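Breakdown of the fold
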Amino acid sequence: MPNGFESFFDRHQLELETMERERLNLYTDVYRRDLDNTLDTFFPAPGLLRFRGWGLERQLGRVAADHVEAMRARMRSWRRRCRTCRS
């Protein structure tokens, strides 16, 4: 780099390249949002492989689903405790 400037990427030997437009569009369409739905900018359709909520949870195995439910139970108990602390 000029003037001996070192960046974060130098330490990890990362080489950054720009992505070709076709690959970027494919990535966006598959993982981020539907590129064919350009009219609806406030609520764009999700990408092909983007899962949230129940769509994601139904893909989980039994162990992962149990872990998620245990974390939700802990969060509910913390919320109850916080409500009682404020009163």
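In what follows, the accompanying structure is described. (Residues numbered from 1 in each chain as written. Predicted model: local features only at pLDDT ≥ 70, side-chain atom pairs only at ≥ 80, totals over all residues. Heavy atoms only, no water.)

Across its full length, the protein chain holds four helices and zero strands. In the protein chain, the succession of helices and strands from N to C terminus is α-α-α-α. Taken over 87 residues, the protein chain has a buried fraction of 6%. The long-range fraction of contacts in the protein chain, counting pairs at least 24 apart against all pairs at least 6 apart in sequence, stands at 0%. Accessible surface, the protein chain: about 8700 Å² in total, of which carbon and sulfur atoms supply 56%. (Helix = DSSP H or I, 4+ residues; strand = E, 2+ residues; numbered from the N terminus. Buried < 20%, exposed > 50% of the residue type's maximum accessible area, 1.4 Å probe, protein only. Contact = heavy atoms within 4.5 Å. Areas by Shrake-Rupley, 256 points an atom, 1.4 Å probe, with all protein chains shown as cover.)

Applying the stated criterion to the full structure yields three salt bridges. For the salt bridge of R72 with E57, the shortest nitrogen-to-oxygen distance reads 2.4 Å. With R72 in helix α4 (residues 62-86) and E57 in helix α3 (residues 53-57), the pair connects residues that are 15 residues apart, well separated along the chain. Here R72 falls in the partly exposed class, since its relative accessible area comes to 35%. (Salt bridge = Lys/Arg side-chain N within 4 Å of Asp/Glu carboxyl O.)

Turning our eyes to something else, we now look at the side chain of T28. Mapped onto the fold, T28 is located in helix α2 (residues 21-32). Using a relative accessible area of 10% as the deciding quantity, one classes T28 as buried. Beyond its immediate sequence surroundings of up to four residues, T28 is in contact with R33 and L35.

All quantities given are derived from atomic positions and should not be read as evidence of function.
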